[in-house]
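Chains, contacts and geometry: an overview
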Amino acid sequence: MDADQPTLVDLFAGCGGLALGFHQAGFRTVLANELHIDPATTYCENLLRDSKETMIVGRMETVLKNKDIEALGLGVGDVTCVAGGPPCQGFSMAGRGNPDDPRNSLFKEYLRVVRKIRPKSILFENVPGFANRYGMGLREHLIKSLKRMGYLTDVAVMQATDFGVPQLRRRFFCLGIHSDYLTRDSVSLPLPTWSQREIETKLTARKVLDDLDAYQSRGGYGTGVIDGPERYLRGATTQFQKMMRAVSGTTTSGYTWNTRIPKHTELVSRRMGEMQKGTKSDAFVGSDLETSKLSQRVLSRDSVPRITVVSIPDDYIHYNQELPRTLSVRECARLQTFPDHFRFLGKRTTGGKRRRKDVPQYTQVANAIPPRLARAMAEQILRHLNST
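Residues numbered from 1 in each chain as written. Predicted model: local features only at pLDDT ≥ 70, side-chain atom pairs only at ≥ 80, totals over all residues. Heavy atoms only, no water.

Topic: the packing of aromatic side chains
Using the criterion set out here, one finds ten aromatic pairs in the structure. Here Phe338 and Phe344 contribute two aromatic rings whose centre-to-centre distance is 5.1 Å and whose plane-to-plane angle is 80 degrees, an arrangement assigned as edge-to-face. One exposure class covers both Phe338 and Phe344, and it is buried. Among the aromatic side chains, those forming a connected cluster through ring pairs are Phe107, Tyr110, Phe124, Phe130 and Phe172. Looking at Arg245, its charged tip hangs above the ring of Tyr232, at a distance of 3.5 Å from the centre. (Phe/Tyr/Trp six-rings, centres within 6.5 Å; stacked < 30°, edge-to-face > 60°. Buried < 20%, exposed > 50% of the residue type's maximum accessible area, 1.4 Å probe, protein only. Lys NZ or Arg CZ within 6 Å of the ring centre and 35° of its normal.)

Written out as structure tokens, the structure is:
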């Protein structure tokens, strides 16, 4: 193990989107904490196969107390970065949002761990609503707390498409470098790595997803696998597809995971087919196609997906008019820039009271930081630390 390799403490780790991006930039995870077993299992399967003890599952305030950190022997300056994105439902504009949501205080737990470890750098991530909702002053509290610990910071709401992620995903980021390891008097978040022309020509739905759309050859609705592996029936043809399949294989001899699509009824299929033609859901009122599902949107084949991947699998409709359908876990993962060899474990989806406990594959994908965006953050941290 390289003693000079940058190290990551990953809090609120999820299934590993942030960690994957950091690993791609050269980091290794020395400690991860995740509340739920499903995403923690996915993280270990993909990123900690030889060191699963690095993952600590449970509530941070219970399983990662200061004495627990001391027992791990992580001294001041031993860790390159402490990163984390506390659960965002209390801040989110997409959800109900609640200033009294107990999850809103978890960012203070993040600060406690930073204070205890005092890493060379920090990365804090959340929904845009963290910065401006409720007048709670959370952003100011975060920045002032980090400043008292000796960190210079930069904060902004970043757009994922600017870093090669094919979806409209905006996230709040705070990047900080401790003054002991900084040779300049300011810190900055990374600049966009993709031009608007590159985004519009290389990140269309077709160029991102087309090689996965072989379900008619497999037998139609209900085909694909919940886990896998499953061989590709089409080769990768675009730059994006080839990058996502660099490990799993760019030809039909390769294989991937998590490809199952729903077994839609004839009525649901017909409704989605009409929506693909441009019919709005309110036009179905009074007909057999009437539905209470009003949030469904159709992906445009030759445009950048103007969506944000969410945990509800039927929010988006594929552009294939010969087989109207919602997206597979793998297709959602592609939109998040998870490579095809990244395997999601646990149930594919869940419902009812199980939602309180289960974190199914769709939710794991939706809750993750896109690895491409995370990699840009990790590389920016290394630029700051390595500049002389």
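Back to the write-up after that little detour.
Regarding the environment of Leu64
As for its position among the elements, Leu64 is in the loop between helix H3 (60–63) and helix H4 (66–71). Residue classification places Leu64 among the buried residues on the basis of a relative accessible area of 0%. Sequence-wise, Leu64 and Val113 are 49 residues apart; in three dimensions their C-alpha atoms are separated by 8.3 Å. Beyond its immediate sequence surroundings of up to four residues, Leu64 is in contact with Leu11, Leu31, Asn33, Ile56, Arg59, Ile69, Leu72, Arg112 and Val113. (Helix = DSSP H or I, 4+ residues; strand = E, 2+ residues; numbered from the N terminus. Contact = heavy atoms within 4.5 Å.)

Quick notes on helix H7 (residues 138–148)
Here H7 has its buried residues at Leu138, Leu142, Ser145 and Leu146. Around the axis of H7, the buried residues are gathered within 95 degrees of arc, so they sit on the same side. Exposed side of H7, more than 90 degrees from the buried face: Lys144, Lys147 and Arg148 are the residues found there. At its buried positions, H7 is contacted by helix H5 (106–117), strand S5 (121–126), helix H6 (129–132), strand S6 (151–159) and strand S7 (170–178). Gly150 sits one or two positions beyond H7 and adopts a positive phi of about 105 degrees. (Arc of directions from axis to C-beta.)

Remarks on the sheet that holds S7
Backbone-to-backbone hydrogen bonds join strands into a sheet, with any given pair of strands oriented parallel or antiparallel. Strand order in the open sheet formed by seven strands is S3-S2-S1-S4-S5-S7-S6, with mixed pairing between adjacent strands. Edge strands, defined here as strands with exactly one partner in the open sheet, are strand S3 (55–57) and S6. If you compare each strand with its neighbour and ignore which way they point, the axes differ by 15 degrees on average. Strand direction decides the pairing type here: S5 and S7, joined by six bridges, are antiparallel. The residue of S7 that forms the bridge with Glu125 is Phe173. H7 contacts S5, S6 and S7 of the sheet and is inclined by roughly 150 degrees relative to S6. Where helix H15 (residues 371–386) meets the sheet, it contacts strand S4 (81–84), S5, S6 and S7, and its direction lies at approximately 20 degrees from that of S7. (Pairing = 2+ DSSP bridges. Axes fitted to C-alpha atoms, helices over the stretch in contact; angles between N-to-C directions.)

Describing the packing of helix H1 (residues 17–24) against H15
Where H1 contacts H15, the axes come no closer than 7 Å and their chain directions differ by 50 degrees. Here H1 is positioned oblique relative to H15, judged by the angle of their axes. Two packed elements cross with a definite hand, and for H1 against H15 that hand is right-handed. Along its contact with H1, which presents Gly17, Leu18, Leu20, Gly21, Phe22 and Gln24, the element H15 presents Pro371, Ala374, Arg375, Ala378 and Ile381. A class-by-class count of the residues in the contact of H1 with H15 yields seven nonpolar, three polar and one charged. (Parallel < 35°, antiparallel > 145°, perpendicular 65-115°, else oblique. Left-handed = near helix turned anticlockwise from the far one by under 90°. Nonpolar A, V, L, I, M, F, W, Y, C, P; charged D, E, K, R; others polar.)

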